[in-house]
Structures are given as C-alpha cells and as structure tokens.
Amino acid sequence: MPLSEHEQRMLEQMERALYAEDPKFATALEGSGLRTYTRRRVYQAVVGFLVGIALLMAGMVAQQIWVSVVGFLVMLGCAVLAVTGWRKAPKPGEQPAAGAGAPSAPQARRQGRQRRSMMDRIEERWQRRRDEQGH
C-alpha cells in the first residue's frame, strides 16, 4: 500500500532532519538501500552457485554421491536466490517506493489496465462458451 501524501511529507521532513542532525549517519544509511541490498544478495548467490559447482565436482572426483547432492542443492538454492533478488532489484534511476514493495502510481495504473484487460478476456471467453452451448 503506497503512503499517503501526508505520510510522504512527514517522511521527507524526518529525512531532512536526519541529514541536518547527523549527515554522516544519513549518508551511511543511504548506501544500504534496496538496490544495494538486492545487488549484494545476487552477488552472494552467484558465489554460492560457484561453490555448489565446486562441491558437485569434488563429489564426483571423490566418488562421494552425498557431496555431489549437497553441491547440487546449494546450486539450486543459490540460483533461486539470484533470480528472485534480480527481479526485486529496482532498475537504474528508478526510486523504490517508500513502502519497499509498493508499486508507484504509474505502475499501479498499468497493472490495473492489465488486470481489466485480462478480466475482459475471461469474461469474453465465458460469454462465448455460454453462446456456444445455447444458453
């Protein structure tokens, strides 16, 4: 749920007060945004994936099936983390919404149009089936 205008103004006032009171702390917090977090998470997942490959190979060389299985599971888990992290990362130049996962107003309108069009198609199919059956 996006913030109301009043809540956004209050948040901006709190941010300005934080910058005025402790600019060093405020800039330190700036670098730990959603984009930085998700990028770091994707990089960690890629490293974990490479570790999984190494475990898989080591298990094959040592003829230890369980090591290979663990390596495969590590690879699978890291691949899932990388893909989900990559999808959540905001695009360059895009400001993440204050509600972290809340879509911006244009995105909400686009999603509304897509939902309506999907609902229109479903309704159209339903009407077509009813007409074909003679009801």
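Residues numbered from 1 in each chain as written. Predicted model: local features only at pLDDT ≥ 70, side-chain atom pairs only at ≥ 80, totals over all residues. Heavy atoms only, no water.

So, about the overall build of the protein chain. Along its length, the protein chain carries 5 helices and 0 strands. Tracing the protein chain from N to C terminus, the helices and strands come up as α-α-α-α-α. Each of the 135 residues in the protein chain was classed as buried or not, and the buried ones make up 13%. Long-range contacts, defined as pairs at least 24 residues apart, comprise 54% of the intrachain contacts of the protein chain with a sequence gap of at least 6. By element, 62% of the accessible surface of the protein chain is carried by carbon and sulfur atoms, the whole surface being about 11200 Å². (Helix = DSSP H or I, 4+ residues; strand = E, 2+ residues; numbered from the N terminus. Buried < 20%, exposed > 50% of the residue type's maximum accessible area, 1.4 Å probe, protein only. Contact = heavy atoms within 4.5 Å. Areas by Shrake-Rupley, 256 points an atom, 1.4 Å probe, with all protein chains shown as cover.)

What follows concerns unusual backbone geometry. You will see that Gln-63, though not glycine, has its phi angle at about 55°, which is positive. Following the sequence through the fold, Gln-63 ends up in the loop between α3 (34–61) and α4 (65–88).

This part covers the UniProt feature "transmembrane region" (unreviewed entry) in the protein chain. When the UniProt feature table is mapped onto this chain numbering, "transmembrane region" (unreviewed entry) sits at residues 42–59 and 65–86. Taken end to end, residues 42–59 comprises 100% helix and 0% strand; its first and last C-alpha atoms sit 25 Å apart. (UniProt positions renumbered as here; feature names shortened; annotations may be inferred.)

Judged by side-chain polarity, Ile-65, Val-69, Phe-72, Leu-73, Leu-76 and Val-80 come together as a nonpolar surface patch covering roughly 590 Å² of accessible area. Take Val-80: it is sitting in helix α4. (Patch = residues over 30% accessible without salt bridge, like charges linked within 9 Å, V, L, I, M, F, W, Y side chains within 5 Å. Salt bridge = Lys/Arg side-chain N within 4 Å of Asp/Glu carboxyl O.)

On to the environment of Met-75, then. With respect to the helices and strands, Met-75 occurs in helix α4. Taking the C-alpha atoms as reference points, Met-75 and Val-51, separated by 24 residues in sequence, lie 7.7 Å from one another. Beyond its immediate stretch of four places on either side in the chain, Met-75 contacts Phe-49, Gly-52, Ile-53 and Leu-56.

Bringing the confidence of the model for the protein chain into the picture now. Averaged over all residues, the pLDDT of the protein chain is 75; the fraction at 70 or higher stands at 67%. Contacts from residues 95–102, a stretch scored under 50 in pLDDT, to residues over four places away or in other chains number 8 contacts. (pLDDT = per-residue confidence, 0-100.)

Take Ser-68: it is sitting in helix α4. Apart from the residues within four sequence positions on either side, Ser-68 is in contact with Leu-55, Leu-56, Gly-59 and Met-60.

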